[in-house]
Every structure is written in C-alpha cells, then in structure tokens.
Amino acid sequence: MKMSLLARLKKKCRRALEWMKLQRESALDAHRYFCSASWAGPAKKHELTHIESDLIKHYHVLEKGLVMADFRPRSGVAILKRLIVLTSIWKDAGGDENEFHFQAALAVIKSYHRKHHNLNIDVSDLIPPGFCDEDEICKVDAGSKLPNEISADDLAKFDRFALSRHSVRQFSLDRVPEHALLTSAVEVAISAPSVCNRQTWRVHLYEGEAAQKMLSFQNGNRGFGHLIPTVAIVTSDMRLFGGGGERYQGWIEGGLFSMNFLLALHARGLSSVALNWSRLNKDDRLLRAAAKIPEHERIIMLIGCGYASEGHEVTCSPRSPVSQFIKWH
Ligand SMILES: Cc1cc2nc3c(=O)[nH]c(=O)nc-3n(C[C@H](O)[C@H](O)[C@H](O)COP(=O)(O)O)c2cc1C
C-alpha cells in the first residue's frame, strides 16, 4: 500500500527528531569523555591519574619489548627515557611513591636493566643508578616472566564450565553473597585484558535496600529484581584514557571485564544476571547520583548476583548456528 504524502512527511519528521536526539546523546557522551580523559597533557583536576595513565602506557611498551621473539637490545630508548622522566613528574606532582603503577614502572625499568645485564650489554648511559639497585626488592612483579602453567585437564574443563553459565532470575532471599567471595571474584575478573594494561574497571557493590534502589533505575529486572540480593555496577574510569581514539575503550573493556566477572562468580557457586545500562544520559545522571558514581566513570552495566534458589529454571536463550558468526577471509 502506498503511503500518503502526509504519512511520509510525518515519518521523515520522526526520523529527523530521533536523529537529533541521537546527536544530543552522543554529544553528552563525548562531553563526559572529554572532561575526564587526557588531552594534550594532564588537566589539573585529574593530573595524577593522567600521569599514572602515561606511566602505565610507557612501562607497558617497555614490558612488551622484553618479551618479543626477536628481542632487540637497547630498543625502546625514547620510551625508557620518557618513563624515567615520568617518574619524576609523578613525584613532583605529589604522587605517592608506593602507588602500584609507580612501583610497577620502577620494576619494569629494573627488569629492562637486568635483561641487558644478563646479556652483558651496558645500559648505564640510559638508566640512572638509583633505578637499578638489585638489592632493593621490587614491590610489584613487572617486566617479563614465564607464563603460568596449566594442566591439559584444566583446559578441557573450560568448555563445560562456560556452557554451564546461565543468566539466573530466581535468587534465594535468605543468602547474601559473602564479601570475601565477591572480592575474590573481582580478583580473578581483573585478569581481563585491557588496552596497555590500563585496567580502568571499577565495581560498585550494593546490597539489600541499596541494591533495590539501584534496580529501580534499571528497566530489565521486572518480575525478578525484588529477589536480587546484591547488585554490582561495572564502570570504567575514563581518566586513564586519552585522545579521541580511545573514546569507546571504556565500553569495550567494561564488557570484557564483566564477562570475566560473570564467569568468576559462576566458579564460586554464585549466580548472576547481566542487566543492561542502555539508557539516555538523563537516566544515567539519576543512577550516578543515587549510586555515588563519580563523573569520570562511564557506567557500563549492572549485574545482579546471588545464590540461585533451589529448583530454579533458566532460559534456553538459543544461540544461532556457529556458521552465522564466522566469515573466513
Ligand atoms: C549487557 C547485557 C545486558 C543484559 N540486560 C538484561 C536485562 O536488562 N534483563 C535481563 O533479564 N537480562 C539481561 N541480559 C541477559 C540476557 O538476556 C542473556 O545474557 C541472554 O539471553 C543469554 O542468556 P544466558 O546469559 O543465560 O546465556 C543482559 C545481558 C547482557 C550481556
């Protein structure tokens, strides 16, 4: 049936309006990113975190150089020199010398020195003496190492384990996940990969009434939200990103972390359900205020968590045939 001219005009106007709304939401997302990430040097209010991000970026490039199959002695000199300067910038800006990534930077410099020393290659012109005192024990393991060993049996179990995870929507009301268990799940989830190992993930946890309050802002828990004892809000700290190219990195890494977290919960006998945060900025502002999430963190998703009630069922959530996902080139 042919559309009338008026109907076509209405459709065009509706599309134009939605396009404008989308532009506005994208601009608000970009604004939040712009105010948090580093651009052409650190912004005063985020200075230390921006320097920390730079420290990580630089020490990680050096770390990668140390594990290359064709390791080239004295490579990455410009990065090494900049890293040494950054350690001073960090201290001058009032950064804590016990801070994890500052210590990791020192450990990588020492590892660079040791690798060359073991090959009888002099790098004393590149590294000031204070950085390579072998008697001083590094507070952080950084540099290069042999990978962790894993048995063939462990490897074979992964498929069965991954396939046994399901979103659960029936939780036992009288068992709240123990803090130590949740902490250990986060400890494993942070093994997720991240760009230059910058680890921007943050997890905000809420229980009982506070969890219910958080769920009241989310639109996908109708019919089962009242049974969720613990809610995690996964965010990404955008201060550790820089420039326009990394504008979506928080969502990407937040997703990778969240998957790891869901599996880590599952491994501890805890059930979970991922809950979308596909919302407009006006809703984001409301949850952010109630959840006390700082402006520089991007909310990625919510995760409901608890012990599944006995005899609970899960959705089949059938997957399309694998051929649909793969295109060999
Ligand atoms: C980012 C994300 C957001 C989701 N949001 C919701 C939600 O709001 N409500 C809900 O009931 N399930 C939600 N789910 C769960 C999906 O429905 C579920 O993962 C999918 O059907 C596959 O089922 P499975 O997790 O049991 O394998 C979400 C999943 C993801 C990954």
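1. With respect to the sheet that holds strand E4 (residues 297-306)
Step number 1: If you trace the four strands from one edge of the open sheet to the other, you get E1-E2-E4-E3, paired in antiparallel fashion. A strand with exactly one partner marks an edge of an open sheet, and here the two such strands are strand E1 (201-207) and strand E3 (271-276). Neighbour-to-neighbour, the strand axes of the sheet open up by a mean angle of 25°, direction not taken into account.
Step number 2: In the sheet, strand E2 (residues 230-237) pairs with E4 via eight bridges, with the strands oriented antiparallel. In the strand pairing of E4, Ala232 is matched with Ile303.
Step number 3: Helix-sheet contacts for helix H7 (residues 208-215) involve E1, E2, E3 and E4, and the interaxial angle to E1 is about 115°.
Step number 4: On the sheet, helix H8 (residues 249-267) packs against E1, E2, E3 and E4 and is oriented at approximately 15° with respect to E4.

2. Focus on the domain arrangement of the protein chain
Interfaces are often described in size by the accessible area the parts lose on coming together.
Step number 1: Taken domain by domain, the protein chain holds domain 1 (44-131) and domain 2 (155-306).
Step number 2: Computed over C-alpha atoms only, the centres of domain 1 and domain 2 are separated by 32 Å.
Step number 3: Listed by partner, the interface residues are 10 residues for domain 1 and seven residues for domain 2.
Step number 4: Area buried by domain 1 at its contact with domain 2 is led by Thr49, Ile56 and Lys57, which between them contribute 44% of it.
Step number 5: Across the contact surface, domain 1 and domain 2 share zero salt bridges.
Step number 6: Considering every element that reaches the side of domain 1 that touches domain 2, the biggest residue donor is helix H2 (residues 47-66), with eight residues.
Step number 7: Residues that form the side of domain 1 that touches domain 2 fall into these classes: two nonpolar, six polar and two charged.

3. Points about the side chain of Arg239
Step number 1: Among the structural elements, Arg239 can be located in the loop between E2 and H8.
Step number 2: Not counting residues up to four positions away in its chain, the partners in contact with Arg239 are Ser36, Ala37, His46, Thr49, His50, Ser53 and His296.

4. Overview of the nonpolar core
Generally speaking, nonpolar side chains in soluble globular proteins are found buried as a group.
Step number 1: Membership of the largest hydrophobic core comes to 27 residues, with the highest contact counts inside it found for Leu55, Tyr59, Leu80, Leu83, Ile109, Tyr112 and Ile127.
Step number 2: At the level of secondary structure, the elements contributing two or more residues to this core comprise H2, helix H3 (77-92) and helix H4 (100-118).
Step number 3: It is H4 that contributes the most residues to this core, seven residues altogether.
Step number 4: Judged by nonpolar contacts, the second largest core, of 20 residues, contains Tyr206, Ala211, Val273 and Leu287.

5. Overview of the environment of Phe325
Step number 1: Along the chain, the position of Phe325 falls in the segment after E4.
Step number 2: For the pair Phe325 and Arg222, spaced 103 residues apart in sequence, the C-alpha separation works out to 31 Å.

6. Remarks on the site of the ligand
Step number 1: Taken together, 14 residues form the shell around the ligand, and within it Ser167, Arg169, Gly220, Asn276 and Arg319 come nearest.
Step number 2: Between an oxygen atom of the ligand and a side-chain N or O atom of Arg169, the distance comes to 2.9 Å.
Step number 3: One nitrogen or oxygen atom from the main chain of Gly220 is found 2.8 Å from a nitrogen atom belonging to the ligand.
Step number 4: When the ligand sits alone it has 620 Å² of accessible area, and the protein chains cover 67% of it.

7. Points about H3
Step number 1: For H3, built from 16 residues, the straight-helix expectation of 22 Å at 1.5 Å per residue is met to within 8% by its first-to-last C-alpha distance of 23 Å.
Step number 2: When we look at burial in H3, the residues that qualify are Leu80, Leu83, Ile84, Leu86, Thr87 and Trp90. Take H3 and look down its axis: the buried residues cluster within an arc of 155°, on one side only. Turned more than 90 degrees off the buried face of H3, the exposed positions are Ala78 and Asp92.
Step number 3: If you follow the buried residues of H3, they end up packed against H2 and H4.
Step number 4: One or two positions beyond H3, positive phi appears at Gly94, with a value near 90°.

8. Focus on the packing of H2 against H4
Step number 1: Contact geometry for H2 and H4: axes closest at 9 Å, N-to-C directions at 25°. Relative to H4, H2 is oriented roughly parallel. Here H2 and H4 pass one another in a crossing that is left-handed. For the pair formed by H2 and H4, the contact residues are Glu52, Leu55, Ile56, Tyr59, Leu62, Glu63 and Leu66 on the first element and His101, Phe102, Ala104, Ala105, Val108, Ser111, Tyr112 and Lys115 on the second.
Step number 2: Split by residue class, the contact of H2 with H4 holds 10 nonpolar, two polar and three charged.

9. Overview of the environment of Asp133
Step number 1: Mapped onto the elements, Asp133 comes out in the loop between H4 and helix H5 (152-163).
Step number 2: Separated by 20 residues in the primary sequence, Asp133 and His113 place their C-alpha atoms 9.8 Å from one another.

10. Thoughts on the layout of surface pockets
Step number 1: By volume, the largest pocket amounts to about 880 Å³.
Step number 2: Glu63, Asp141, Ala142, Gly143 and Lys145 are, among the 24 residues lining the largest pocket, the residues nearest its centre.
Step number 3: Secondary structure elements with two or more residues in the lining of the largest pocket: H2 and H4.
Step number 4: Tallying contributions element by element places H4 first for the lining of the largest pocket, with five residues.
Step number 5: When the residues that make up the lining of the largest pocket are grouped by side-chain class, the tally is 11 nonpolar, eight polar and five charged.
Step number 6: Two domains each provide a minimum of three residues to the lining of the largest pocket, namely domain 1 (44-131) and domain 2 (155-306).

Quick notes on the rules
- Residue numbers run consecutively from 1 along every chain, following the written order of its sequence.
- Local features in this predicted model are restricted to residues of pLDDT 70 or higher, and side-chain atom pairs are both shown and tallied only at a pLDDT of 80 or more, whereas totals for entire chains, interfaces and linings draw on every residue.
- To get the side-chain values, all heavy atoms of the structure are used, and hydrogens and water are removed first.
- DSSP-based pairing: two strands are paired if at least 2 bridges between them are found.
- Working definition: helices are DSSP H or I runs of at least four residues, strands are E runs of at least two. Numbering for both runs from the N terminus.
- Simply put, an axis is a line fit to the C-alpha atoms, just over the touching stretch for a helix, and the angle between two N-to-C directions goes from 0 to 180 degrees.
- What makes two residues a contact is simply this: any of their non-hydrogen atoms within 4.5 Å.
- Segmentation of the chain into domains, including their bounds, is taken from an automatic or database domain assignment.
- Summed over both partners, the accessible area lost on bringing two parts together, with a 1.4 Å probe, is the buried area.
- Any carboxyl oxygen of Asp or Glu within 4 Å of a side-chain nitrogen of Lys or Arg constitutes a salt bridge here.
- For this scheme, ten residues count as nonpolar: Ala, Val, Leu, Ile, Met, Phe, Trp, Tyr, Cys and Pro. Four count as charged, namely Asp, Glu, Lys and Arg, and the remainder, Gly too, count as polar.
- Within this scheme, the nonpolar core is defined by two criteria: the residues are buried Ala, Val, Leu, Ile, Met, Phe, Trp, Tyr or Cys, and they are joined through side-chain atoms within 4.5 Å.
- A 1.4 Å probe rolled over the protein chains alone gives each residue an accessible area, and that area as a share of the maximum for its type sets the label: buried under 20%, exposed over 50%, partly exposed in between.
- A molecule or strand has a residue near it when one of that residue's heavy atoms lies within 4 Å.
- Polar contacts, as used here, are pairs of N or O atoms within 3.5 Å; protein pairs need one atom able to donate a hydrogen and one able to accept it. Residues neighboring in sequence count only if both atoms are side-chain atoms.
- Residue exposure ignores everything except the shown protein chains as possible cover, and the areas themselves are Shrake-Rupley values with a 1.4 Å probe.
- Helix span, expected: 1.5 Å multiplied by one less than the number of residues in the helix.
- By construction, the arc corresponds to the directions joining the helix axis to the C-beta atoms.
- Roughly parallel refers to an angle under 35 degrees, roughly antiparallel to one over 145, roughly perpendicular to one between 65 and 115, and oblique to any angle outside these ranges.
- By the definition used in this description, the sense in which the near helix is turned from the far one sets the handedness, with an anticlockwise turn below a right angle giving left-handed and a clockwise turn giving right-handed.
- Here a cavity denotes grid points, spaced 1 Å and computed from the protein atoms alone, that fit a 1.4 Å probe unable to get out, and a pocket denotes an open set having protein on both sides within 12 Å along at least 5 of 7 lines; residues with an atom within 4 Å of a point are the lining.
- Grid points are joined across faces, edges and corners, and a volume is the space filled by probe spheres set on the points.

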